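Each chain is listed here by its residues.
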Amino acid sequence: MTAQTSSAEAFFERVAEDRYVPAEYTRGPWSADSQHAGPPAALLGRTVQTRHGAREDMRLARITFEITKPVPLAPLTVATRVLREGRSVELVEASLTPDGGAEVMRARALRIRTQPGSVPQETSGPEVPGPQSARTEPFFPVPWDVGYHTAMEARFAHGSFLGRGPATCWLRMRVPLVDGEKTAPLDRVLVAADSGNGVSNVLDFARHVFVNPDLTVHLHRHPAGEWVCIDARTSIDGAGIGMSETGIHDEQGPIGRGVQSLFVAPRD
């Protein structure tokens, strides 16, 4: 499929109620024609939260993404449906389908009713150094100038893109998720969460692929501020299956966790 992109200064441009065109900022590091999974994951998460009839007293507590195919740089249609609706808990499904193609990503989200002040709030301070004390590190080489790597500002409190092993990385969006629309707290989390396996890689990028066909994010609260920290580590078995585990933080402290399954193999 030939890349079809928007010139918007955002990850996506909305061209109809349920249809979006990606900009080059969505391009991932593996293929010139495929998106990094972070922006489309955030698009699905936003759809779950803002769909017609969504209750304002419900908040996303867990969302699982199944990435069935590489997400192309092509117009995408979003569809949603409610799988289970209750007084305190609901389950919502959302999917992304390119024009003339099969579904490429599906999300299943658990939303829980909120009632501020109903229980004592646990308070906890930051468990990772903040972005002000973190450092900028070079991104690993990619053969194009514009993509996810230029749309995100990254600062490392520990580790680096080019190093191997656990890493603690603060990420901030340089462009909005959707052109002309306000960036929501959940957008910031989901755009960043899929990068856990990238920052904490344990193998040489040039010699191996380690692709995540899924991502699950649990949140006990939404973030405050523009920065999201992913404190990640990756484990790999010799048979070619791996897992990345990511603590997710904002500048006030931990907000949740992310987990990715990994397909690991030598490059052809």
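Residues numbered from 1 in each chain as written. Predicted model: local features only at pLDDT ≥ 70, side-chain atom pairs only at ≥ 80, totals over all residues. Heavy atoms only, no water.

### Let's talk about the overall build of the chain
A count of helices and strands for the chain gives four helices and 13 strands. In terms of overall dimensions, the chain is globule-like: its C-alpha atoms have a radius of gyration of 18 Å, near the 18 Å expected for 268 residues. On the principal axes, the C-alpha backbone points of the chain span a range of 50 × 45 × 40 Å. A total of 268 residues make up the chain; the buried ones form 51% of that total. Partitioning the contacts of the chain with sequence separation of at least 6, the portion at a separation of at least 24 is 65%. A total of about 12600 Å² of accessible surface is found on the chain, and carbon and sulfur atoms cover 50% of it. Side-chain charges in the chain split into 28 positive and 32 negative, and the spacing between the mean points of these groups amounts to 4 Å. (Helix = DSSP H or I, 4+ residues; strand = E, 2+ residues; numbered from the N terminus. Rg over C-alpha atoms; globule rule 2.2 N^0.38 Å. Buried < 20%, exposed > 50% of the residue type's maximum accessible area, 1.4 Å probe, protein only. Contact = heavy atoms within 4.5 Å. Areas by Shrake-Rupley, 256 points an atom, 1.4 Å probe, with all protein chains shown as cover. Lys, Arg positive; Asp, Glu negative; His and termini not counted. Charge placed at Lys NZ, Arg CZ, Asp CG, Glu CD.)

### Overview of the side chain of His222
Tracing the chain through its elements places His222 in the loop between strand E10 (214-219) and strand E11 (228-236). Judged by relative accessible area, His222 falls into the buried class, the value being 19%.

### Structural notes on the packing of aromatic side chains
Tallied over the full model, the rule gives six aromatic pairs. Note on Phe140 and Phe161: the rings are 6.5 Å apart at their centroids and 75° apart in plane angle, and the pair reads as edge-to-face. A residue pair is termed long-range when its members are at least 10 positions apart, and Phe140 in the loop between strand E6 (105-113) and helix H2 (148-151) and Phe161 in the loop between strand E7 (152-158) and strand E8 (167-173) qualify at 21 residues. The structure contains a cluster of three or more aromatic residues connected by ring pairs, namely Trp30, Phe139, Phe140, Phe156, Phe161 and Phe210. (Phe/Tyr/Trp six-rings, centres within 6.5 Å; stacked < 30°, edge-to-face > 60°.)

### A word on the confidence of the model for the chain
Parts of the prediction with low pLDDT should not have their coordinates interpreted in detail. Here the chain averages 92 in pLDDT, and 97% of its residues register 70 or above. Considering each helix and strand of the chain separately, the mean pLDDT is smallest for strand E9 (residues 208-211), with a value of 85, and largest for E10, with 98. (pLDDT = per-residue confidence, 0-100.)

### Side note on the pattern of salt bridges
Under the definition given, this model contains 18 salt bridges. Where salt bridges share partners, they join Arg81, Glu93, Glu103, Arg106 and Arg108 into one cluster. (Salt bridge = Lys/Arg side-chain N within 4 Å of Asp/Glu carboxyl O.)

### Remarks on the pairing of E11
Where E8 meets E11, five bridges bridge the pair, whose relative direction is antiparallel. Looking across to E11, one finds that Ala167 is bridged to Ala232. The pairing of E11 with strand E12 (residues 241-250) spans eight bridges and is classified as antiparallel. Within E12, the position partnered with Thr234 by the bridge is Ser244. Counting the residues in the hairpin turn of E11 and E12 gives four residues, including Gly240, whose phi is positive at 105°. (Pairing = 2+ DSSP bridges.)

### Comments concerning the pairing of E6
The pairing of strand E3 (residues 58-67) with E6 spans nine bridges and is antiparallel. Bridge pairing in E6 links Thr64 to Arg108. In this structure, strand E5 (residues 89-98) lies alongside E6, joined through eight bridges in antiparallel fashion. Its bridge partner lying in E6, Leu96 is registered against Met105. Linking E5 back to E6 in an antiparallel pair, the connection comprises six residues, with Gly100 at a positive phi of about 70°.

### What about the packing of helix H1 (residues 38-50) against helix H3 (residues 185-193)?
Between H1 and H3, the least distance of the axes is 7 Å, while the angle of their chain directions is 150°. By the angle between their directions, the pair H1 and H3 is classed as roughly antiparallel. Crossing hand, H1 versus H3: right-handed. Between H1 and H3, the residues in contact are Gly38, Pro39, Ala41, Ala42, Gly45, Arg46 and Gln49 and Leu186, Asp187, Leu190 and Val191, respectively. Residue classes in the contact of H1 with H3 are distributed as six nonpolar, three polar and two charged. (Axes fitted to C-alpha atoms, helices over the stretch in contact; angles between N-to-C directions. Parallel < 35°, antiparallel > 145°, perpendicular 65-115°, else oblique. Left-handed = near helix turned anticlockwise from the far one by under 90°. Nonpolar A, V, L, I, M, F, W, Y, C, P; charged D, E, K, R; others polar.)

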